[in-house]
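Below, each chain spelled out in residue letters.
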Amino acid sequence: AFSRRAATGYTHQEMDVQKGDMIYVFSDGYTDQFGGDESRKFLMSNFKKLLTDVHQLPVDQQKIKMEETLFDWMKYESQLDDILVIGIKI
């Protein structure tokens, strides 16, 4: 079970997990980071695709791939916010 903050407080939600599943908790820093060819935000859709692409890799390789992707995206942009990604393998 997990909670997420809603405008009126917290909501309780449950989800089934199985051995081998990855659960990610993250701040908005990765998705809000500017970069790319047009200096745009990375966006949630790109972040979800990245997580989908790396979730089956060993966790140390996930970290490397996510760092490489972020640095390639940022190019010459400064980091704007905290960037936190926590992955938990069940």
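Look above for the structure.
Quick notes on the rules
Residues numbered from 1 in each chain as written. Predicted model: local features only at pLDDT ≥ 70, side-chain atom pairs only at ≥ 80, totals over all residues. Heavy atoms only, no water. Patch = residues over 30% accessible without salt bridge, like charges linked within 9 Å, V, L, I, M, F, W, Y side chains within 5 Å. Areas by Shrake-Rupley, 256 points an atom, 1.4 Å probe, with all protein chains shown as cover. Salt bridge = Lys/Arg side-chain N within 4 Å of Asp/Glu carboxyl O. Helix = DSSP H or I, 4+ residues; strand = E, 2+ residues; numbered from the N terminus. Buried < 20%, exposed > 50% of the residue type's maximum accessible area, 1.4 Å probe, protein only. Arc of directions from axis to C-beta. 1 Å grid on protein atoms, 1.4 Å probe; cavity = no way out; pocket = protein on both sides within 12 Å on 5 of 7 lines; lining within 4 Å. Points joined across faces, edges and corners; volume = space filled by probe spheres on them. Nonpolar A, V, L, I, M, F, W, Y, C, P; charged D, E, K, R; others polar. Core = buried A, V, L, I, M, F, W, Y, C linked by side-chain atoms within 4.5 Å. Contact = heavy atoms within 4.5 Å.

### Description of a nonpolar patch on the surface
Together, Met 15, Val 17, Val 25, Leu 84, Ile 86, Ile 88 and Ile 90 give the surface a local cluster of nonpolar side chains, amounting to about 560 Å² of exposed area. Note on placement: Ile 86 falls in strand β6 (residues 85-89). Judged by relative accessible area, Ile 86 falls into the partly exposed class, the value being 39%.

### With respect to the pattern of salt bridges
Counting across every chain of the model gives five salt bridges. Residue Asp 32 is joined to Lys 41 by a salt bridge in which the shortest nitrogen-to-oxygen separation is 3.8 Å. Note that Lys 75 is salt-bridged to Asp 37, the shortest N-O span being 2.8 Å. Of this pair, Lys 75 sits in the loop between α3 (59-74) and β6 while Asp 37 sits in the loop between β4 (34-35) and β5 (40-41), and the two are 38 residues apart along the sequence. Under the relative-accessibility criterion, Lys 75 is labelled partly exposed at 48%.

### Comments concerning helix α2 (residues 44-54)
Within α2, the full set of buried residues consists of Phe 47, Leu 50, Leu 51 and Val 54. Looking straight down α2, one finds that the buried residues subtend no more than 95° of arc, so they occupy a single side. In α2, the exposed positions angled more than 90 degrees off the buried face are occupied by Ser 45, Lys 48 and Thr 52.

### Digging into the layout of surface pockets
In this model, the largest pocket occupies a volume close to 340 Å³. The wall of the largest pocket is formed by 15 residues, among which Gln 62, Lys 63, Met 66, Glu 67 and Val 85 lie closest to the centre. Breaking the lining of the largest pocket down by element, the ones donating at least two residues are β3 (22-26), α3 and β6. If one sorts the elements of the lining of the largest pocket by residue count, α3 sits on top with seven residues. Its residues placed into classes, the lining of the largest pocket shows 11 nonpolar, two polar and two charged. For the lining of the second largest pocket, the secondary structure elements donating two or more residues are β3 and α2. It is β3 that contributes the most residues to the lining of the second largest pocket, four residues altogether.

### A few points about the nonpolar core
Counting residues in hydrophobic clusters, the biggest one holds 12 residues: Met 22, Tyr 24, Tyr 30, Phe 42, Phe 47, Leu 50, Leu 51, Val 54, Met 66, Leu 70, Trp 73 and Met 74. For this core, the elements supplying multiple residues, two or more each, are β3, α2 and α3. Leaving out residues up to four positions away in the same chain, Met 66 has contacts with Tyr 30, Phe 47, Leu 50, Leu 51, Val 54 and Val 85.

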